[in-house]
Amino acid sequence: PVYKAESFPDNMKPFIPEVNDLYFLQPDLVEALWNAHIDNDNVWLWGQSGTGKSSLEEQFAARIGQPFLRFNGREDVESAALFGQLTVEGEGTVWKDGLLTEGVKYGARVLMDEATVIPATIWMGVQWLAEKDGKLMLTDKPATAGERLVEPDPRFRMTYADNTRGQGDDNGNFNGTGVMNTATLNRVGLTMEVKFLEFSQELELLVNKWGEKIHDDLLQDTLRLADLLRKAMREDQISLSFSLRSIESVLTKAYNYRTMPTKKCMFRAFNEGYANLLPNDDEYGAAVNFFEMVFGQY
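Predicted model, so just to flag it, every value in this text is computed and none were measured. (Residues numbered from 1 in each chain as written. Predicted model: local features only at pLDDT ≥ 70, side-chain atom pairs only at ≥ 80, totals over all residues. Heavy atoms only, no water.)

### Considering helix α10 (residues 216-234)
Between its first and last C-alpha, α10 extends 27 Å over 19 residues, near the 27 Å set by a 1.5 Å rise per residue. Buried positions along α10 lie against α9 (199-210), α11 (244-256), α12 (262-273) and α13 (281-295). Of the residues one or two after α10, Asp-236 is the one with positive phi, at around 65 degrees. (Helix = DSSP H or I, 4+ residues; strand = E, 2+ residues; numbered from the N terminus. Expected span 1.5 Å × (residues − 1). Contact = heavy atoms within 4.5 Å.)

This is the structure:
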């Protein structure tokens, strides 16, 4: 299925994402998402921060022309944000749909980001919807039972994204994540880990964007540093992901400081764009050691 913008109501058209040609779609992930879309499976995406879980969903929606709604989970979220609430309008009150309800009604692709942070009581309201051929019941809406029942548009799809697989965080890197209710996890049809791109794939992205400004050797060394930092995070030596966003931040600063000697330029950019965010001296020292391993020759 590939959709035409005119098949969606006007309020959904602005949410059809633009295709980002610089985003690398990993074929195996796209194939699995495509099959899940056809089979109407709920999807659970998990992986380290910065691997592109949200971007994968957004760019998949862009390729098939589907509105994309992203809900950022947090512990203090209220059900009204998802389902809707009564609001004052003029001299009376009217019901305003929440983000999930709009997605259900109008056939959007809804991403429940940081899913394990959302309170379990709210997930209970999604259980029926998450079933095959499920529906959404707006229990707080003052109306008849029939008017509270929302029949999903056949194009509606729901994806969960999280740093964990929904079973909790074993290493303490993702503070605030919880354990999902088994009933919720049992309604997931596809679970995939989203990893960082391969070295060659990530390098191709950087060369396409920075090739005329920053020498390829420097881009390759930045990715070698990224590999060391990501391995250190997997081994619990460092708690902050060196994601593509981090790389972009460092390279942007390095370009701004390009009149400095190369090592000094890169170290200042690395400090400001990443290392100064690390929580303690041990982690900072480890990061600087990795930097010296890569850039010490400059």
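Now that the structure has been shown, we can carry on.
### Structural notes on the packing of α10 against α13
Direction vectors running N to C along α10 and α13 enclose 145 degrees, while the axes themselves pass 9 Å from each other. Two packed elements cross with a definite hand, and for α10 against α13 that hand is right-handed. Contacts between α10 and α13 pair Leu-218, Asp-221, Thr-222, Arg-224, Leu-225, Leu-228, Leu-229 and Ala-232 from the former with Ala-287, Phe-290, Phe-291, Met-293, Val-294 and Phe-295 from the latter. (Axes fitted to C-alpha atoms, helices over the stretch in contact; angles between N-to-C directions. Left-handed = near helix turned anticlockwise from the far one by under 90°.)

### What to know about the sheet that holds strand β1 (residues 42-46)
Here 5 strands make up an open sheet; going across it, the order is β2-β5-β8-β1-β9 and the pairing parallel. With partners counted over all chains shown, the strands left at the sheet margins are β2 (68-72) and β9 (188-193), one partner each. This sheet shows a mean twist of 20 degrees between the axes of neighbouring strands, independent of strand direction. Pairing of β1 with β9 involves 5 bridges; the strand directions are parallel. What sits directly across from Trp-44, in β9, is Thr-191. Helix α4 (residues 99-106) contacts β2, β5 (109-113) and β8 (157-162) of the sheet and is inclined by roughly 160 degrees relative to β2. (Pairing = 2+ DSSP bridges.)

### Quick look at the side chain of Arg-155
Here Arg-155 shows up in the loop between β7 (149-150) and β8. Look past the residues within four positions of Arg-155 in its chain and what remains in contact with it is Tyr-3, Ser-7, Phe-8, His-37, Gln-66, Tyr-106, Gly-107 and Ala-108.

### Describing the environment of Thr-87
You can see Thr-87 is positioned in strand β3 (residues 84-89). The class of Thr-87 is partly exposed, set by a relative accessible area of 22%. A sequence separation of 50 residues divides Thr-87 from His-37, and the C-alpha atoms of the two residues are 34 Å apart. Those residues within four positions of Thr-87 in sequence are excluded, and the remaining contacts are Gly-92, Thr-93, Val-94 and Lys-96. (Buried < 20%, exposed > 50% of the residue type's maximum accessible area, 1.4 Å probe, protein only.)

### Describing the packing of aromatic side chains
Scanning all chains against the criterion turns up 11 aromatic pairs. Between the aromatic rings of Trp-210 and Tyr-255, the centroid separation amounts to 6.5 Å while the plane-to-plane angle is 55 degrees, which identifies the pairing as tilted. Taken together, the residues span a long stretch of sequence, with Trp-210 in helix α9 and Tyr-255 in helix α11 at a distance of 45 residues. When its relative accessible area of 6% is taken as the criterion, Trp-210 is described as buried. Members of the aromatic cluster, each reached through a chain of ring pairs, are Phe-242, Phe-267, Phe-270, Tyr-274, Phe-291 and Phe-295. Directly above the aromatic system of Tyr-255 lies the positively charged group of Lys-213, at a separation of 5.2 Å from the ring centroid. Over the aromatic face of Tyr-257 sits the side chain of Arg-268, whose NZ or CZ is 4.1 Å from the ring centroid. (Phe/Tyr/Trp six-rings, centres within 6.5 Å; stacked < 30°, edge-to-face > 60°. Lys NZ or Arg CZ within 6 Å of the ring centre and 35° of its normal.)

### Section: the side chain of Arg-230
You can see Arg-230 is positioned in helix α10. Looking at Arg-230, the relative accessible area reads 3%, which means it is buried. In contact with Arg-230, other than residues within four places in its own chain, are Gln-48, Phe-196, Glu-202, Phe-242, Ser-243, Leu-244 and Ile-247.

### Overview of the nonpolar core
Grouped together as the largest cluster of nonpolar side chains are 46 residues, with contacts concentrated most on Trp-44, Phe-83, Leu-100, Met-112, Trp-123, Met-158 and Tyr-160. Ignoring any residue separated from it by four or fewer positions in sequence, one finds Met-158 in contact with Asp-41, Asn-42, Val-43, Leu-100, Val-110, Met-112, Val-126 and Ala-130. Counting residues in hydrophobic clusters, the runner-up holds 31 residues, among them Leu-206, Leu-223, Phe-242 and Ile-247. (Core = buried A, V, L, I, M, F, W, Y, C linked by side-chain atoms within 4.5 Å.)

### Topic: helix α2 (residues 53-64)
Taking 1.5 Å of rise per residue, the 12 residues of α2 would be expected to cover 16 Å, and the 17 Å separating its terminal C-alpha atoms lies within 8% of that figure. With respect to burial, α2 is a largely interior element, 9 of its 12 residues being buried. Among all positions of α2, only Lys-53, Ser-54, Leu-56, Glu-57, Gln-59, Phe-60, Ala-61, Ala-62 and Ile-64 are buried.

### Comments concerning the pattern of salt bridges
Side-chain pairing between opposite charges can occur once the charged atoms of the two side chains come close. Under the counting rule described, the total for this entry stands at 15 salt bridges. Put simply, Lys-132 and Asp-41 hold a salt bridge, and the shortest N to O gap is 2.8 Å. Taken together, the residues Lys-132 in the loop between α6 (127-130) and β6 (136-137) and Asp-41 in the loop between α1 (27-39) and β1 connect sequence positions 91 residues apart. The class for Lys-132 is partly exposed, based on a relative accessible area of 48%. The partner of Lys-105 in a salt bridge is Asp-97, with the nearest N and O atoms 2.6 Å apart. (Salt bridge = Lys/Arg side-chain N within 4 Å of Asp/Glu carboxyl O.)

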